[in-house]
Amino acid sequence: MNLRALIVAAAVVSSAGSVLVAQAPNEVPYEATRLIGRWRTVMNRALEDARASATESVTDRMEEFVSPGAVPAVQDKASEERLKRADDALERLVYAMVKAGTRRPDGSVIVEEAALDPARRAICPVYPFCDRQ
């Protein structure tokens, strides 16, 4: 199971106390967009907390990473607990990316594409098996 599948699984497992409640099918895209915004905020806060920034290509990859899990999470009415697990997994990924990033003399870190694979290996001990679904 890859990391994306792990986050999707953490987000989509249903629970009685769900916080994502799309009342009609046409609301699902809007709820999914809000969830992607939540995850983007989680990732950006983790970068800020670590005094790091990511290149545009990395932020694009981060967005691609979380987007596929949003619609199933909304459709399955993922609980706040499940979403918190997904948030935590995203934070771990970002901190691992920062750790693999390039530290600058002022103490800040630049996260470039080269940090993605080491970050994935850091949070998935059986990499490359994390890529298998």
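Data block above holds the structure.
Figured I'd write up the structure that's included with this text. As the structure is a prediction and not an experimental result, all values here were calculated from the model. (Residues numbered from 1 in each chain as written. Predicted model: local features only at pLDDT ≥ 70, side-chain atom pairs only at ≥ 80, totals over all residues. Heavy atoms only, no water.)

Of the regular secondary structure elements, the chain holds 5 helices and 3 strands. Taken from N to C terminus, the helices and strands of the chain fall in the order α-α-β-α-α-β-β-α. Looking at the chain residue by residue over its 133 residues, the buried ones come to 39%. Summarising the internal contacts of the chain: among those between residues at least 6 apart in sequence, 80% fall at separations of at least 24. (Helix = DSSP H or I, 4+ residues; strand = E, 2+ residues; numbered from the N terminus. Buried < 20%, exposed > 50% of the residue type's maximum accessible area, 1.4 Å probe, protein only. Contact = heavy atoms within 4.5 Å.)

Inspection of the secondary structure puts Gly-69 in helix α3 (residues 56-75). The sequence separation of Gly-69 and Leu-35 amounts to 34 residues, and the corresponding C-alpha distance is 9.2 Å.

Phi at Arg-51 is positive, roughly 55°, even though this residue is not glycine. Turning to its location among the elements, Arg-51 is positioned in the loop between α2 (28-49) and β1 (52-54).

Turning our attention to the sheet that holds β1. The 3 strands are arranged β1-β3-β2 in an open sheet whose pairing can be described as mixed. Of all the strands in the sheet, the pair left with one neighbour each is β1 and β2 (102-103). Direction of pairing for β1 relative to strand β3 (residues 109-111): parallel, over a ladder of 3 bridges. Residue Ser-53 lies in a different strand from β3, and its bridge partner there is Ile-110. (Pairing = 2+ DSSP bridges.)

Okay, the nonpolar core next. Membership of the largest hydrophobic core comes to 32 residues, with the highest contact counts inside it found for Trp-39, Met-97, Val-98 and Val-111. Elements supplying a minimum of two residues to this core: α2, α3, α4 (80-99), β3 and α5 (116-123). Here this core gets 9 residues from one element, more than from any other, and that element is α2. Discounting chain neighbours no more than four positions away, the residues touching Met-97 are Val-58, Met-62, Val-111, Ala-115, Leu-116 and Ala-119. (Core = buried A, V, L, I, M, F, W, Y, C linked by side-chain atoms within 4.5 Å.)

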